[in-house]
Amino acid sequence: MYNILKDFLDPNQIAVAGILVAFVLTFAGLAFPFPFLPVDHGREFAINGALSKGKTRGTGFTFVIVFVACSLLFMPIDREYIIYCILILAVMLSGYLDDAAKTPWNEYKKGLIDLAISVMAIWTFINYNPDLLAIHIGTFTLDIPVPVYYILGIILIWVSINVTNCNDGVDGLCASLCCVVISSFTIIYAKELGSYVIPDFIFVSVLLAYLYFNSSPSSLLMGDAGSRALGFYIAIIAMKTGHPFSYILLALVLIIDGGTGLVKVALKRFLKISIFVNTRTPLHDHARKNKGWSDTQVVFRYIIFQIICALTAYIIAL
């Protein structure tokens, strides 16, 4: 479709058209959600988890499909991007099946699925981007051996999927933070990302449509279908910038909020080491239960913190 549209519109017009179409399709798909989407049964151990009971869950199924479809239609595509789209759909479907399951999937099962998808994604990236396997700090460049980049890339993708997933527990929080994160990568590294700027804005567009329904008090939840796909995509664009370590600052709030719980559980389960004993995880639950923050305060304060991190990353990038 892009090749047809470019005969009538310039690339910027095509991109804006894709952004608008993605927003409208997502809004319509969420206003009249698919009947097969699961219903939340309330999260037993989450703060205010009972308030989610009865809400349509797994709507990430809708906005991820719209994102993939619109990005393929409204941007110049290549084989590499098509592979990433297939993997995004795989991540989304694994999350959706977990959302729809009567009994939540075992953590090890989900972890292995994430690992397999991460391996395929990093293999694709290295195959198509041999010139990006380096660390750039100012005028200094350090080439990273392929085996080392392979390991670091798998870790980045796996971590990004899971910390973003853990962050999804407060109305409007995950989608809002991901809008900031994706926009920050796009603004700071527009030149490096090239045509990937278009799907970046398309993803932000579908998230804005989702936030119309997910702002507190929400009527719809993205579920693992949405949060896991978002984490995967953020990791991909972090690598496509050629500055993968920028992920640390540009997604710092996601890392701290979701990663604290992952580290806490991993140390307790595998090494019998207890840390953060008096701290609830994810940290947004600690902020609400122990610090008395409202859902709105959590969302806005987290966004403010992440914007400050993005501004710091921008200064460093300059």
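Residues numbered from 1 in each chain as written. Predicted model: local features only at pLDDT ≥ 70, side-chain atom pairs only at ≥ 80, totals over all residues. Heavy atoms only, no water.

K.L.:
Quick question: what am I supposed to make of helix H9 (residues 197-214) here?
P.N.:
Each α-helix turn comprises 3.6 residues. Residues three or four places apart therefore point the same way. Helix length check: H9 (18 residues) gives 25 Å between terminal C-alpha atoms against 26 Å at 1.5 Å per residue, within 8%. The element H9 is extensively covered by neighbouring structure, given that 15 of its 18 residues are classed as buried. (Helix = DSSP H or I, 4+ residues; strand = E, 2+ residues; numbered from the N terminus. Expected span 1.5 Å × (residues − 1). Buried < 20%, exposed > 50% of the residue type's maximum accessible area, 1.4 Å probe, protein only.)

K.L.:
What's the story with the packing of helix H5 (residues 107-128) against helix H10 (residues 223-240) in this structure? I'm lost.
P.N.:
Between two packed helices, both the angle of their axes relative to each other and the distance between the axes serve to describe the pair. Relative orientation of the contacting elements H5 and H10 amounts to 30°, with a least axis distance of 12 Å. Compared by their axis directions, H5 and H10 come out roughly parallel. The element H5 and its partner H10 pack so that their crossing is right-handed. Judged by residue contacts, Lys110, Ile113, Asp114, Ile117, Ala121, Ile122 and Phe125 of H5 engage Asp224, Arg228, Phe232, Ile236, Met239 and Lys240 from H10. Class assignment for the residues of the contact of H5 with H10 results in eight nonpolar, no polar and five charged. (Axes fitted to C-alpha atoms, helices over the stretch in contact; angles between N-to-C directions. Parallel < 35°, antiparallel > 145°, perpendicular 65-115°, else oblique. Left-handed = near helix turned anticlockwise from the far one by under 90°. Contact = heavy atoms within 4.5 Å. Nonpolar A, V, L, I, M, F, W, Y, C, P; charged D, E, K, R; others polar.)

K.L.:
Before we go on, may I ask you to explain the packing of aromatic side chains in this structure?
P.N.:
Two numbers describe a pair of aromatic rings. These are the distance of the centres and the angle of the planes. Summed over the entire model, instances satisfying the criterion amount to 15 aromatic pairs. A centroid spacing of 5.4 Å and a plane angle of 55° characterise the contact between phenylalanine 63 and tyrosine 210, whose relative ring orientation is tilted. Highlighted residues: phenylalanine 63 in helix H3 (residues 60-74) and tyrosine 210 in helix H9, separated in sequence by 147 residues. Under the relative-accessibility criterion, phenylalanine 63 is labelled buried at 0%. Ring geometry for phenylalanine 67 against phenylalanine 203: centres 4.1 Å apart, planes inclined by 20°, an arrangement best described as stacked. One end of the pair, phenylalanine 67, is in helix H3; the other, phenylalanine 203, is in helix H9, and 136 residues separate them in sequence. With respect to burial, phenylalanine 67 and phenylalanine 203 carry one shared label: buried. Among the aromatic residues, those joined into a cluster by ring pairs are Phe23, Phe27, Tyr212 and Phe213. Over the face of the ring belonging to tryptophan 105 we find lysine 109, whose NZ or CZ atom lies 4.0 Å from the ring centre. Here arginine 301 stacks its cationic end above the ring of tryptophan 293, 4.7 Å away from the centre of that ring. (Phe/Tyr/Trp six-rings, centres within 6.5 Å; stacked < 30°, edge-to-face > 60°. Lys NZ or Arg CZ within 6 Å of the ring centre and 35° of its normal.)

K.L.:
What is the right way to look at empty space enclosed by the protein in this model?
P.N.:
Space left empty within the atom packing is revealed by a probe, the size of a water molecule, rolled over the atoms. Following the criterion strictly, the structure yields one cavity of 30 Å³ or more and no others. Counted as a void, the largest cavity has a volume near 40 Å³. Along the walls of the largest cavity sit Tyr81, Tyr84, Cys85, Ile88, Phe232, Tyr233 and Ile236, which together make up its complete lining. Mapped by element, the contributors of at least two residues to the lining of the largest cavity are helix H4 (79-100) and H10. The leading source of residues in the lining of the largest cavity is H4, at four residues. Grouping the amino acids of the lining of the largest cavity by side-chain chemistry returns seven nonpolar, no polar and no charged. (1 Å grid on protein atoms, 1.4 Å probe; cavity = no way out; pocket = protein on both sides within 12 Å on 5 of 7 lines; lining within 4 Å. Points joined across faces, edges and corners; volume = space filled by probe spheres on them.)

From the geometry alone we can't say anything about function, so treat these as descriptive.
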